[in-house]
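Spelled out, the chains give:
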Amino acid sequence: TVVVGAAAIAPVIGRRVFRLPASETRDEAAFDAYKAILAMVGFVLAFSLVQVDGNLRGVEELVGHEANLLGTVDRVLLRMEVPGATEARPLLAAYGRSLIHDEWPRLSDGQRSEITDARYTELSRAIRRLEPVGLRQETMYAELLRAVDDLSDKREDLIHDSELSLPSFFWVVTGSFLGVALLLGGLTNPTLTRVAGLGGTAAGVALLLAFVVIVDHPFRGETSVSSADIASALALNARRH
């Protein structure tokens, strides 16, 4: 709305500020340059939209892997038949709930939760105290240790990727391009046809800009990454006997 409105009123403001007489030659030249600049901005925004959407999908895959690991750890704990293994399952559930309730809200700022750190430490210590006996249990225990370590690695990756966003320099350059385009729009004649042309061209770029802003941060806004996969994994673990 701001971009389209500014583009539409640019000729009116330009006429009052620059006090230039009407000129068809200047009008056509300024409008052609305006369209060229917005075309470049639209190309850059389209490329950036692909990048930020890829970042969002990558984070969603990390969440899916984390949920799968929660299920893997729970299954191994249930089937190992080692004293203390089944008692570690509630610690796994507490860690998963902490991921959702304690850490997820903090990921919007790229922060970790100390409560979740403590829950993982409790889980890791309980698992490393297990004493497998026999080849079968030792094999399952090795798998369990790998899954627990992977669980920590995926969490660290998720915390790191929660800060993914376009650099501030990108927004400075984009804003500068839009400023130059509005300046050129102010050099056009304030006719209904020209105002419609300026506003319509700006509308396409503004839509791309809005999409980029919405998707840029994976843990902010209504399009943020959901913790539903982790919640589903915890629910499935709770039904497993």
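Coordinates for the structure precede this section.
Please read these numbers as outputs of a predicted model, since none were measured by experiment. (Residues numbered from 1 in each chain as written. Predicted model: local features only at pLDDT ≥ 70, side-chain atom pairs only at ≥ 80, totals over all residues. Heavy atoms only, no water.)

### Comments concerning the side chain of Asp27
Part 1: Mapping Asp27 onto the fold places it in helix H2 (residues 24-79).
Part 2: The class for Asp27 is buried, based on a relative accessible area of 4%.
Part 3: Within the structure, Asp27 has its side chain in polar contact with the side chain of Arg194 (distance 2.6 Å).
Part 4: Discounting chain neighbours no more than four positions away, the residues touching Asp27 are Thr188, Asn189 and Arg194. (Helix = DSSP H or I, 4+ residues; strand = E, 2+ residues; numbered from the N terminus. Buried < 20%, exposed > 50% of the residue type's maximum accessible area, 1.4 Å probe, protein only. Polar contact = N/O pair within 3.5 Å; in protein donor to acceptor, adjacent residues only side chain to side chain. Contact = heavy atoms within 4.5 Å.)

### Description of helix H4 (residues 114-128)
Part 1: Spanning 15 residues, H4 covers 21 Å between terminal C-alpha atoms, matching the ideal 21 Å at 1.5 Å per step.
Part 2: Listing the buried residues of H4 in full gives Thr116, Tyr120, Leu123, Ser124, Ala126 and Ile127. Taken around the axis of H4, the buried residues stretch over an arc of 165 degrees, which confines them to a single face. Projecting away from the buried face of H4 at angles above 90 degrees are the exposed residues Glu114 and Arg125.
Part 3: Of the surrounding elements, those touching the buried residues of H4 are H2, helix H3 (89-103) and helix H5 (134-161).
Part 4: Capping of H4 at its N-terminal end is provided by Ser113; its side-chain oxygen lies 3.3 Å from the backbone amide nitrogen of Ile115. (Expected span 1.5 Å × (residues − 1). Arc of directions from axis to C-beta.)

### As for the pattern of salt bridges
Part 1: Under the definition given, this model contains 13 salt bridges.
Part 2: Across the salt bridge formed by Asp74 and Arg89, the nearest N and O atoms sit 2.7 Å from each other. Here Arg89 lies in helix H3 and Asp74 lies in helix H2, a separation of 15 residues in the sequence. The residues Asp74 and Arg89 share a single accessibility class, namely buried.
Part 3: Arg155 is the salt-bridge partner of Glu103, the closest N and O atoms lying 2.6 Å from each other. Here Arg155 lies in helix H5 and Glu103 lies in helix H3, a separation of 52 residues in the sequence. Arg155 carries the same exposure label as Glu103, and that label is buried. (Salt bridge = Lys/Arg side-chain N within 4 Å of Asp/Glu carboxyl O.)

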